[in-house]
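# Overview (structure and organization)
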Amino acid sequence: MSRRIVFVIDDEPSVRRSLSRLLKAAGYDVEVFASAQDFLRHESDEELACLVLDVKMPGLNGLELQEALTAANRHVPIIFVTGHGDIPTSVRAMRGGATDFLSKPFDADNLIAAIERALETARKQLKEEAERREIEQRLAELTPREQEVLRHVITGELNKQIAGNLGASEKTIKVHRGRVMRKMQAHSVAELVRLCEKLGIRGP
Amino acid sequence: MVTEEAKPGATPWSRPVGLRIRLLRHGILILALLGSLGFGTVPEPAQASQSLSSSSRPPRSVLVLYSDDRLLRTNIVFDDALRQSLNLLFAEPIECYSEFLDAARFPARYQERSFEFLRAKYGEHPPDVIVAFGPSSLDFCLQSRPRLFPYTPIVFAAIGTDTHPSSELGPEVTGVRSSFDGPATLRLALRLHPHTRQVFVVADSAHGESEPSAWVNLGESEFKGTIHHFTSLPRPELLESLAQLPPNSLVIYLPMLGRGAETTLPTQDWVERIARVSQAPIYATLDAFIGQGIVGAVTTPTDAIARKTSELVLQVLERQRSDAIPPEQTLGAIPIFDWRQMQRWGLRQKQLPQGSIVLFAPPSVWQQYAKWVTATVIVFLVQSGLILALVLQSVRRRRAEREALRRGQELAHATRVAAIGELTASLAHEINQPLAAILSNAQAAQRLLAAGNANGGEIAEILADIAADDQRAGEVIRRMRGLLRKEESEPITLDVNNLVVEVTALLHGEMILQNVSLTLDLSPIPLWVHGVRVQLQQVLLNMIMNAMDAMKDGGSGERKLKIGTSRSEGRFVRIVVADSGVGIPAESIERIFDRFVTTKPHGMGLGLAICRSIVESHGGRVGVENNPDRGVTFRVDLPAEKVTT
């Protein structure tokens, strides 16, 4: 089983220490940070991780860190914890993509359940990311002409129509289509469409 | 007024003071009434007679002829009382002459000369009335009448009821008869001295041939003892006998016996000597001797005789020419006592018969010092009133002060509650942080134990952390409760560094929330002041929250709060709270500590006013100035407390 990392960011040493103990006891790898800035400075690997983040902190607070991470395209699931949660804050946090919002003091089971959900999300995100990268690599192997043909194929056009649109012979198109299907490792047009959707590739 | 007028005339011989005052008051009252009402009928005849007299003849005159010596007490009393009474009764001035025949002590020849003397003296202006005092005088007047003032009416006085029958007196004679009640005097004396076995009747040897027994003739049933008569004893022997009286004796002194010119009155010093040596109480029949050592007498008071006589004189003078002379008057005898002699013989006022007159009783404090007593009482009452008023005022002021203090405290409390209300979020944070840590620690321990991989050291660490966090949470609650408590605690000696740490701890969450960075620049040594902790906490709380508000409004700039403590000017401890907020407009900075002065859109303007009143009540001062770059610095100076440790 790979590392399951929980990052704990809280300005309160005793909270950091107690959470660290609890989560380690629950079998997680725990890394603690005293401030949001410290966490941002931390090199992020592609790893299975989630964030237990205090909303109120001196300097950069939890919500601001969330925004900064989004801006940096770091999609790590966040569980917010707060000493005194108010509705506007929690709404803002959830809109920003938080997986959970817990009020201190929280029960260990709740926290762990939230962490499990977050890690599941992270796992999915990692999987999707990996898939996407895989597909991107396949896509990168296509020639520009093949990519052009691909866009037409996923809109459901027949070879004849594509040939007409691209001003090429039907036979040539047929060869391109075959290469595209092979390079993209798609066994059907439907599968090709699904792969392209994941990368956000649309028809012409 | 009335008492004062009555006083100079109040001789021991006159009536008791109360009676005299009443008499005078009545007289004055009636005169005043008549005068003030302009009572038509009375003043007019008086005026008429006055004008008549002034135009036609000299003032009316009264000649009083006394039987005896001028210095005899009875005569003096009568003379005084008569003149006074005449002056009181007569509207116009009246001339009053007194002559003393002293008949008993000098030969009859001398009386003839007296008559000549009087004619020479008064012949030209015969008196309008002659008052004959005593039997000798009356006899003289009646005998000399044909040659001396034959038309002048005679008013007699001090004549008994049993002598000089009216029928033998002739025309234009009237007078006052009074009684000298020997038997009544003896009876009273025996009643007051119930153990009496012997009675000694003393009469002057000058009239030894008289038979005194009739005067004190009591029946066998009334007195079973013996009655001795000392009537013919020479004076030295009499004194000796009196000095050796047996116990349970009583002396009756009869100074005036017999008839006519043979009668005389003893001199005062003689009576005094008798009284001094006597081993038994002496009773007499004449009030004039009361005061000389006589216990009492049943007789007509001399001043009463004088007043009655003056009334008769008035009637005689004012009657019409054709009117008959007014009839004779008779006055009864009343018991009269000498208070001092009562003390000597152990008599008490309660034993005396109803209506007795007691002379020489020491005046009561009231009688003696009425004015002083009144003045003192008034001064006392006024002072008491003033004191009461002052006490009431002071009570009211103290109550008002207490009320003001209470209101001030309530206001301070209300603002503290409001401040805590504002801090709810951060305080919940402050409490929930340690609670979260405690719970996480506890559950971590549970998990470790359940998994069976707990080591003792780790569990101990966890428990220590739990205890510390619990204390932290308790501390927050304790501080908050301290601020919320309504009653003010007693002033104590405290370190302002501590105070700053406590309050900033309470505001820690709020500062995080508002993104305020706090710098503490505390004195390395404790700075002691004497004060009420909760009040000084409130001062700091208000100032810090004020500063944070100022920075919240201050836009995007960095929010820096700096709190410092130091010694200032030797005897003060200074706390400064500097912010990086918007600052205070120059026009408000002078009044920023006044009530209801605020630069905040929703502020009440009470926070800093309360700060100032608290600091000033601690003997300190507050100040504020805008910083050169941005924000303001508030200053609190509190008197430093010398602590010897």
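Remember, it's a predicted structure, so these values are computed and weren't measured experimentally. (Residues numbered from 1 in each chain as written. Chains lettered and ligands numbered in written order. Predicted model: local features only at pLDDT ≥ 70, side-chain atom pairs only at ≥ 80, totals over all residues. Heavy atoms only, no water.)

Another point: the overall build of chain A. A tally of helices and strands in chain A yields nine helices and five strands. Along chain A, helices (α) and strands (β) appear in the sequence β-α-β-α-β-α-β-α-β-α-α-α-α-α when read from the amino end. By the burial criterion, 45% of the 204 residues in chain A qualify as buried. When the accessible surface of chain A is summed, it comes to about 10400 Å², and 50% of that surface belongs to carbon and sulfur atoms. (Helix = DSSP H or I, 4+ residues; strand = E, 2+ residues; numbered from the N terminus. Buried < 20%, exposed > 50% of the residue type's maximum accessible area, 1.4 Å probe, protein only. Areas by Shrake-Rupley, 256 points an atom, 1.4 Å probe, with all protein chains shown as cover.)

With that out of the way, let us pick up helix H8 (residues 235–243) of chain B. Residues and elements named next belong to chain B. Restricting attention to buried positions, one finds in H8 the residues Leu238, Leu239 and Leu242. Taken end-on, H8 shows its buried residues confined to a sector of 100 degrees, consistent with a single buried face. Exposed and facing more than 90 degrees away from the buried side of H8 are Pro236 and Glu240. (Arc of directions from axis to C-beta.)

Next up on the list: the interface of chain A and chain B. The interface is formed by 26 residues belonging to chain A together with 24 residues belonging to chain B. With both chains or domains summed, chain A and chain B bury close to 2200 Å², and 54% of this area falls on carbon and sulfur atoms. When the buried surface of chain A facing chain B is broken down by residue, Arg21, Lys56 and Pro105 of chain A rank first, second and third, together holding 29% of it. Its salt-bridge partner being Arg21 of chain A, residue Glu461 of chain B comes within 3.4 Å of it at the nearest N-O pair. Secondary-structure elements contributing two or more residues to the side of chain A that touches chain B are helix H1 (13–25) and helix H5 (108–141) of chain A. For the side of chain A that touches chain B, the element with the highest residue contribution is H1 of chain A, accounting for eight residues. Partitioned by chemical class, the residues of the side of chain A that touches chain B number 11 nonpolar, five polar and 10 charged. (Contact = heavy atoms within 4.5 Å. Buried area = accessible area lost by both parts, 1.4 Å probe. Salt bridge = Lys/Arg side-chain N within 4 Å of Asp/Glu carboxyl O. Nonpolar A, V, L, I, M, F, W, Y, C, P; charged D, E, K, R; others polar.)

With that settled, consider the nonpolar core. Residues and elements named next belong to chain B. Leu507, Met543, Ile544, Leu561, Val577 and Phe634 are the most contacted members of the largest nonpolar core, which totals 53 residues. Of all the elements, helix H17 (residues 533–552) adds the most residues to this core, at 11 residues. Ignoring any residue separated from it by four or fewer positions in sequence, one finds Met543 in contact with Val577, Phe593, Leu608, Cys611, Val622, Phe634 and Val636. By size, the runner-up hydrophobic cluster in this structure holds 27 residues, among which are Val62, Ile94, Cys96 and Val316. (Core = buried A, V, L, I, M, F, W, Y, C linked by side-chain atoms within 4.5 Å.)

Residue and element names in this part refer to chain B. Strand order in this open sheet of five strands is E15-E17-E18-E20-E19, and the pairing throughout is mixed. Looking at strand neighbours, the two that pair on one side only are strand E15 (517–521) and strand E19 (621–626), the edges of this open sheet. Neighbouring strand axes in the sheet, compared pairwise and without regard to direction, differ in orientation by 15 degrees on average. Each of E15, strand E17 (560–568) and strand E18 (572–578) touches helix H15 (residues 496–506); the most contacted strand, E17, lies at about 165 degrees to it. (Pairing = 2+ DSSP bridges. Axes fitted to C-alpha atoms, helices over the stretch in contact; angles between N-to-C directions.)

Over its 17 residues, helix H10 (residues 302–318) of chain B runs 24 Å from end to end, which matches the ideal 24 Å to within 8%, given 1.5 Å per residue. Buried residues dominate H10 of chain B, accounting for 13 of its 17 residues. (Expected span 1.5 Å × (residues − 1).)

The next subject is the environment of Ile201 of chain A. Residue and element names in this part refer to chain A. Structurally, Ile201 is set in the segment after helix H9 (189–199). Sequence separation of Ile201 and Ile154 is 47 residues, and the distance between their C-alpha atoms is 9.1 Å. Aside from chain neighbours lying at most four places away, what touches Ile201 is Leu139, Arg151, Ile154 and Cys196.

The next subject is the sheet that holds strand E1 (residues 4–9) of chain A. Residue and element names in this part refer to chain A. Taken in spatial order, the five strands of this open sheet run E2-E1-E3-E4-E5, and their pairing is parallel. The sheet is open, and its two edges are formed by strand E2 (29–33) and strand E5 (100–103), each paired on a single side. Between one strand axis and the next, the sheet turns through 20 degrees on average, direction left out of account. The sheet contact formed by E1 and E2 spans five bridges and is parallel. Looking at E2, one finds that Phe7 is bridged to Glu31. Packing of H1 onto the sheet brings it into contact with E1, E2 and strand E3 (48–54), and relative to E2 it is tilted by some 170 degrees.

Residues and elements named next belong to chain A. For the coordinates displayed, the defined rule picks out nine aromatic pairs over all chains. Between Phe33 and Phe39, the ring centres sit 5.2 Å apart and the planes meet at 80 degrees, which makes this aromatic pair edge-to-face. By relative accessible area, which is 10% here, Phe33 ends up buried. By relative accessible area, which is 1% here, Phe39 ends up buried. (Phe/Tyr/Trp six-rings, centres within 6.5 Å; stacked < 30°, edge-to-face > 60°.)

Residues and elements named next belong to chain B. For chain B, the average pLDDT comes to 80, and 83% of its residues sit at 70 or higher. Counted against residues more than four places away or in other chains, residues 1–21, with its pLDDT under 50, gives 35 contacts. Every residue in residues 205–210 scores below 50 in pLDDT, and together they form 12 contacts with partners more than four places removed in sequence or on other chains. The ipTM value of the predicted complex is 0.80, and its pTM value is 0.49. (pLDDT = per-residue confidence, 0-100.)

Summed over all chains, the structure comprises 39 salt bridges over all chains. The salt bridge involving Arg478 of chain B is made with Glu475 of chain B; its shortest N-O contact spans 2.7 Å. Residue Arg478 of chain B and its partner Glu475 of chain B are located together in helix H14 (residues 456–484), separated by three residues, close to a single helical turn. For Arg478 of chain B, a relative accessible area of 48% puts it in the partly exposed group. Within this structure, Arg17 and Arg21 of chain A together with Glu461 and Asp465 of chain B form a network of salt bridges that share partners.

Mapping Asn441 of chain B onto the fold places it in helix H13 (residues 424–451). Residue Asn441 of chain B is classed as buried on the basis of its relative accessible area of 0%. For Asn441 of chain B, the contacting residues outside a window of four places in its chain are Ser18 and Arg21 of chain A together with Ile462, Asp465, Ile466 and Asp469 of chain B.

Another point: the packing of H15 of chain B against H17 of chain B. Residues and elements named next belong to chain B. Between H15 and H17, whose axes approach to 10 Å, the crossing angle comes to 55 degrees. When the axes of H15 and H17 are compared, the pair comes out oblique. Two packed elements cross with a definite hand, and for H15 against H17 that hand is right-handed. For the pair H15 and H17, the contacting residues are Leu499, Val500, Glu502, Val503 and Thr504 in the first and Arg533, Leu536, Gln537, Leu540, Leu541 and Ile544 in the second. Tallied by class, the residues present in the contact of H15 with H17 amount to seven nonpolar, two polar and two charged. (Parallel < 35°, antiparallel > 145°, perpendicular 65-115°, else oblique. Left-handed = near helix turned anticlockwise from the far one by under 90°.)

On to the packing of H17 of chain B against helix H19 (residues 607–617) of chain B, then. All names here are of chain B. Packing of H17 against H19 leaves a shortest axis separation of 9 Å and a crossing angle of 145 degrees. As H17 runs across H19, the sense of the crossing is left-handed. Each of Gln535, Leu536, Gln538, Val539, Asn542, Met543 and Asn546 in H17 lies in contact with H19, whose residues at this interface are Gly607, Leu608, Ile610, Cys611, Ile614, Val615 and Ser617. Here the residues of the contact of H17 with H19 are counted per class, giving eight nonpolar, six polar and no charged.

This brings us to a positive patch on the surface. Judged by side-chain charge, Arg396, Arg397, Arg398, Arg399 and Arg402 of chain B come together as a positively charged surface patch. Tracing the sequence through the fold places Arg402 of chain B in helix H12 (residues 365–422). (Patch = residues over 30% accessible without salt bridge, like charges linked within 9 Å, V, L, I, M, F, W, Y side chains within 5 Å. Lys, Arg positive; Asp, Glu negative; His and termini not counted. Charge placed at Lys NZ, Arg CZ, Asp CG, Glu CD.)

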